[in-house]
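Geometric and topological summary
Each chain, written out:
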Amino acid sequence: MIGDNLQRAHARIAAACRAAQRDAGAVALLAVSKTFGADMVREAFAAGQTAFGENYLQEAVDKMAELRDLPLQWHCIGPIQSNKTRLVAQHFDWAHTIDRLRIAQRLNDQRPLGMEPLQVCVQVNTDGGPTKSGVAPQETLALLREVAKLPHLRLRGLMTIPEPVSDFSAQLAVHSRAKALFDAMAAELGPGLDCFDTLSMGMTADLEAAVQAGSTLVRVGTAIFGGRPKR
Ligand SMILES: *Cc1c(COP(=O)(O)O)cnc(C)c1O
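Residues numbered from 1 in each chain as written. Predicted model: local features only at pLDDT ≥ 70, side-chain atom pairs only at ≥ 80, totals over all residues. Heavy atoms only, no water.

Another aspect to go through is the packing of aromatic side chains. Inspection of the entire model under this criterion finds three aromatic pairs. For the ring pair phenylalanine 36 and phenylalanine 225, a centre distance of 5.3 Å and an interplane angle of 25° mean the geometry is stacked. Here phenylalanine 36, found in the loop between strand E1 (28-32) and helix H2 (38-46), pairs with phenylalanine 225, found in helix H9 (residues 222-225); they are 189 residues apart in sequence, far enough to count as distant. Neither residue differs from the other here; phenylalanine 36 and phenylalanine 225 are each classed as buried. With a centroid separation of 5.8 Å and 40° between ring planes, the pair formed by phenylalanine 52 and tryptophan 74 is classed as tilted. With phenylalanine 52 in strand E2 (residues 51-54) and tryptophan 74 in strand E3 (residues 73-76), the pair connects residues that are 22 residues apart, well separated along the chain. (Phe/Tyr/Trp six-rings, centres within 6.5 Å; stacked < 30°, edge-to-face > 60°. Helix = DSSP H or I, 4+ residues; strand = E, 2+ residues; numbered from the N terminus. Buried < 20%, exposed > 50% of the residue type's maximum accessible area, 1.4 Å probe, protein only.)

Laid out in C-alpha cells, this is it:
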C-alpha cells in the first residue's frame, strides 16, 4: 500500500513537472514519516524511498535507532528549540527549519567531528502570518550570509510552510513569491555558493502548485502514509 502511494506521489510530481516544462528529475520527494512507526518507514524503504522527514525530535531519534540497519537520510522539518539542537546535530543529515542565527550556531558547534556537514535550509515566512515561524523575507539575506560562514553546516537553500489555502492560484501565488526570493538570494550569494540549490516547499495538498512555482523538494506525508491523528 505504501509502495502504491509512493508511486502515485511520484506520478503527481512527474505530471506537475511536465505541466511546468521542468525535468522529471528536478524535484525530490521527501517522505514525511512523523507519527508513523519504524515498520512503515521500512515498508517505504522497501519500495525505494530513502529520504524521510521528521518533526518531533525524540520520536525521530527513537525511530532512527530502530532503523539503523538501513541507509536512510533523515531531514528535520519541525521547529528547533535551542535546547534541542544537539539531537538535530548528532542525528540528522538535513535541517530545513533554521530561522535564526543562534540555532544555526548551536547546530554548527554541536555537529560531531567526523560527520558530514549538516545540510541546512533557512525557513522563510513568505506569507507574513504573525504566528508563523520563519525569517521575514527582508531579513533573509543577512541570515543566509551568516549561516554560509559556519564550517560544519552546508547552506542548501530555503524552506517555506505557507498557510494552507485550497485554491490552486492562491497556492501558486505564495509559492511563486518564495521562488522569486530564492532566485534573488541565489543571485546575491553568488556563484561561490554553488550548493544553494534547494527550495523545500509543497506538501500533499499543494505539491502541484509548488512544483509549478519551482520547488526542488516536496515534503509529503499524508499521501504516502495516510492521515495522522491530530496532535
Ligand atoms: C507534516 C509536514 C509535512 C507533510 O504534510 P502532509 O500534508 O501530510 O503531506 C510537510 N512539511 C512539514 C513542515 C510538516 O510539518
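Listed as buried for helix H3 (residues 57-66) are Leu57, Ala60, Val61, Lys63 and Met64. Along the axis of H3, the buried positions cluster into a sector of 160°, meaning they face one direction only. (Arc of directions from axis to C-beta.)

Take the site of the ligand next. Lys34, Asn55, Thr204, Thr222 and Arg228 are the nearest of the 13 residues found near the ligand. Out of a free accessible area of 390 Å², the ligand has 90% covered by protein chains. Residue composition of the shell around the ligand, by class: six nonpolar, four polar and three charged. (Near = heavy atom within 4 Å. Areas by Shrake-Rupley, 256 points an atom, 1.4 Å probe, with all protein chains shown as cover. Nonpolar A, V, L, I, M, F, W, Y, C, P; charged D, E, K, R; others polar.)

All right, on to a negative patch on the surface then. Taken together, the side chains of Asp39, Glu43, Asp62 and Glu66 define an acidic patch exposed on the protein surface. At the level of elements, H2 and H3 are the ones that each hand at least two residues to the negative patch. Tracing the sequence through the fold places aspartate 62 in helix H3. Using a relative accessible area of 43% as the deciding quantity, one classes aspartate 62 as partly exposed. (Patch = residues over 30% accessible without salt bridge, like charges linked within 9 Å, V, L, I, M, F, W, Y side chains within 5 Å. Salt bridge = Lys/Arg side-chain N within 4 Å of Asp/Glu carboxyl O. Lys, Arg positive; Asp, Glu negative; His and termini not counted. Charge placed at Lys NZ, Arg CZ, Asp CG, Glu CD.)

This part covers the packing of helix H6 (residues 137-147) against helix H7 (residues 168-189). Packing of H6 against H7 brings their axes to within 11 Å, and their N-to-C directions diverge by 35°. When you trace H6 past H7, the crossing you get is right-handed. Judged by residue contacts, Pro137, Thr140, Leu141, Leu144 and Arg145 of H6 engage Leu181, Met185, Glu188 and Leu189 from H7. Residues belonging to the contact of H6 with H7 are distributed by class as follows: six nonpolar, one polar and two charged. (Axes fitted to C-alpha atoms, helices over the stretch in contact; angles between N-to-C directions. Left-handed = near helix turned anticlockwise from the far one by under 90°. Contact = heavy atoms within 4.5 Å.)

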